[in-house]
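# Observations on chain architecture
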Amino acid sequence: MRILVTGGAGYIGSICSEELLSAGHQVTVYDNLSEGHRSAVDPRATFILGKPEEDGNILDAVRSASPDAIMHFAANALVGESMTNPGKYFHNNVANGLKLLDAAVQCNVKKFVFSSTCATYGPPEREPMTEDLPQRPINPYGESKLMFEKILQWYGSIHGLDFIAFRYFNAAGASEKYGEHHRTETHLIPNVLKVALGRTDHCEIFGTDYPTPDGTCIRDYIHIEDLAQAHILGLQPGKSGFYNLGNGDGYSVRQVIDACVKVSGKKIPSVEKPRRPGDPPRLVAKADKANRELGWKPKYPKLEDIVATAWAWHRKYPDGYPD
Ligand code: UFG
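Residues numbered from 1 in each chain as written. Predicted model: local features only at pLDDT ≥ 70, side-chain atom pairs only at ≥ 80, totals over all residues. Heavy atoms only, no water.

## Considering helix α4 (residues 86-106)
For α4, with 21 residues, the first-to-last C-alpha span of 29 Å sits near the 30 Å given by 1.5 Å per residue. The set of residues buried in α4 consists of Y89, N93, V94, N96, G97, L100, L101, A103 and A104. Turning to α4, the residues buried within the fold contact β1 (2-6), α2 (57-65), β4 (69-72), α3 (79-82), β5 (111-117) and α5 (140-159). Once α4 finishes, N108 follows within two positions and takes phi at roughly 60°, a positive value. (Helix = DSSP H or I, 4+ residues; strand = E, 2+ residues; numbered from the N terminus. Expected span 1.5 Å × (residues − 1). Buried < 20%, exposed > 50% of the residue type's maximum accessible area, 1.4 Å probe, protein only. Contact = heavy atoms within 4.5 Å.)

Here it is in structure tokens:
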């Protein structure tokens, strides 16, 4: 199939493009390189430098790629930043996303695959977290993704656009070639591994008074190649709807640091800091629906195996991408 991948120079989009290409699909990457890296774009893909703020730019890209499906990864995705700059999240994640959806309808694209997030749920009122939980985000990032989910649903029912929205839990790990390099790194695993690499002398733990066994936040870490495989399965005809993507196991911040110590064999000192605004205490998936309906089964169910792939990539590319 011909696939247009927005955000294909970013962490998740780059690895998804790589997997799509390896599975025999044709990929056009559309990315404005605000967060992404040109060298993270697989050389087998066609690259379009996006200017989504310019009138007609997104429509032109969709026209020239003429895709059978769009995978929409391009977004701002930092919970903490969204608490200080909500406008950035609503403009990019909702308004620019809407331009893309309109272009998809205009160009008669058959399928739209959207990167959503467990942040759309907010603190869950019950566990395990299934897709039918009420969605009450507690940060503008989660709200922006929820708004787009709703728009997508209306476009699906009114325009007949087939869509899948994947609600990722915490994407982690790397492929051999592509990994996690944000210009300003806020994510836990890369920050902890920076200490193991000797780039910083300690990592920080945001909040030690949460209602969890060791007082730190619990998340469900899912390997990036497993996320990519779910997207490929989602391209099968007739598949549509909302799907959680996670491993179903929760690990606390302290457990993540311990896993990084074990995998790297290095000492990783940590400093306790106050809570980071917008962080729910515990987010753990139930992803049985993706397993049942799409035949999705993660290859990396264990945190240490996920961390090992991230560690291998960071050791190979200690400065990340050159651009
Ligand atoms: N944390 C630390 N120290 C750090 C970085 C993070 O203690 O240096 C903590 C955070 O406070 C949080 C946990 O580690 O409790 C995980 O934080 P991340 O920033 O790695 O990930 P988030 O859970 O905040 O966010 C990620 C993605 C979002 C996605 C969300 C769903 O960035 O896109 O997972 O939980 F929506």
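## Examining the sheet that holds strand β12 (residues 251-252)
Sheet architecture is open: 3 strands sit in the order β12-β9-β14, paired in mixed fashion. The open sheet terminates on both sides in strands that have one partner only, identified here as β12 and β14 (282-283). Alignment of strand β9 (residues 218-219) against β14, held across 2 bridges, turns out to be parallel. What sits directly across from R219, in β14, is L283. (Pairing = 2+ DSSP bridges.)

## Regarding the site of the ligand
Residues in close proximity to the ligand total 20 residues, the closest being T117, H187, E204, R276 and D279. The side chain of D279 places a nitrogen or oxygen atom 2.5 Å from an oxygen atom of the ligand. Burial of the ligand by the surrounding chains reaches 93%, relative to a free accessible area of 680 Å². Mapped onto the shell around the ligand, the elements with two or more residues apiece are α6 (188-196) and β8 (203-206). Among the elements that make up the shell around the ligand, the one with the highest residue count is β8 (3 residues). Looking at the shell around the ligand, you find at least three residues from each of domain 1 (2-172 + 222-245) and domain 2 (188-219 + 249-316). (Near = heavy atom within 4 Å. Polar contact = N/O pair within 3.5 Å; in protein donor to acceptor, adjacent residues only side chain to side chain. Areas by Shrake-Rupley, 256 points an atom, 1.4 Å probe, with all protein chains shown as cover. Domains from an automatic or database assignment.)

## Some details on the environment of V5
Of note, V5 is situated in strand β1. Sequence separation of V5 and M71 is 66 residues, and the distance between their C-alpha atoms is 4.8 Å.

## Structural notes on the pattern of salt bridges
A full pass over the atoms with the stated rule returns 15 salt bridges. Residues E204 and K273 are paired through a salt bridge, measuring 3.9 Å at the closest nitrogen-oxygen approach. Within this pair, whereas E204 is found in strand β8, its partner K273 is found in strand β13 (residues 270-273), the two being separated by 69 residues in sequence. Judged by its relative accessible area of 34%, E204 falls in the partly exposed class. What makes K273 partly exposed here is its relative accessible area of 34%. (Salt bridge = Lys/Arg side-chain N within 4 Å of Asp/Glu carboxyl O.)

## Some thoughts on α6
Working note: α-helix, 3.6 residues per turn, so residues spaced by three or four point in the same direction. Burial runs high along α6: 7 of the 9 residues are buried. In this structure, the buried side of α6 is in contact with β7 (170-172), β8, β10 (221-223), α8 (253-264) and α10 (303-316). Of the residues trailing α6, G198 is marked for its positive phi of about 85°.

## Thoughts on the domain arrangement of the chain
According to the domain assignment, the chain contains domain 1 (2-172 + 222-245) and domain 2 (188-219 + 249-316). The centre of domain 1, based on its C-alpha atoms, is set 23 Å off from the matching centre of domain 2. The interface is formed by 32 residues belonging to domain 1 together with 24 residues belonging to domain 2. When domain 1 packs against domain 2, the two sides together hide about 2400 Å² of surface, and 65% of this comes from carbon and sulfur. For domain 1, the biggest contributors to the area lost against domain 2 are H223, D226 and Y243; these three give 22% of the whole. Taken together, the connections running from domain 1 to domain 2 amount to 2 salt bridges. Here E127 ties to R282 by a salt bridge, and the two come within 2.7 Å at their closest N and O atoms. Sorting the residues of the side of domain 1 that touches domain 2 by element identifies α3, β6 (162-168), β7, β10, α7 (224-234) and β11 (241-245) as the ones contributing at least two each. Per element, the largest residue contribution to the side of domain 1 that touches domain 2 is 5 residues, and it comes from α7. The class makeup of the residues in the side of domain 1 that touches domain 2 is 18 nonpolar, 9 polar and 5 charged. (Buried area = accessible area lost by both parts, 1.4 Å probe. Nonpolar A, V, L, I, M, F, W, Y, C, P; charged D, E, K, R; others polar.)

## Side note on the nonpolar core
Counting 39 residues, the largest nonpolar core has I12, L20, M71, F166 and L245 as its most contacted members. At the level of elements, β1, α1 (11-22), β2 (26-31), β4, β6, α7, β11 and α9 (288-294) are the ones that each hand at least two residues to this core. Counting residues per element, this core draws most heavily on α1, at 6 residues. For this core, the two domains that each supply at least three residues are domain 1 (2-172 + 222-245) and domain 2 (188-219 + 249-316). Setting aside residues no more than four positions away along its own chain, I12 makes contact with F73, Y168, A171, I224 and L227. (Core = buried A, V, L, I, M, F, W, Y, C linked by side-chain atoms within 4.5 Å.)

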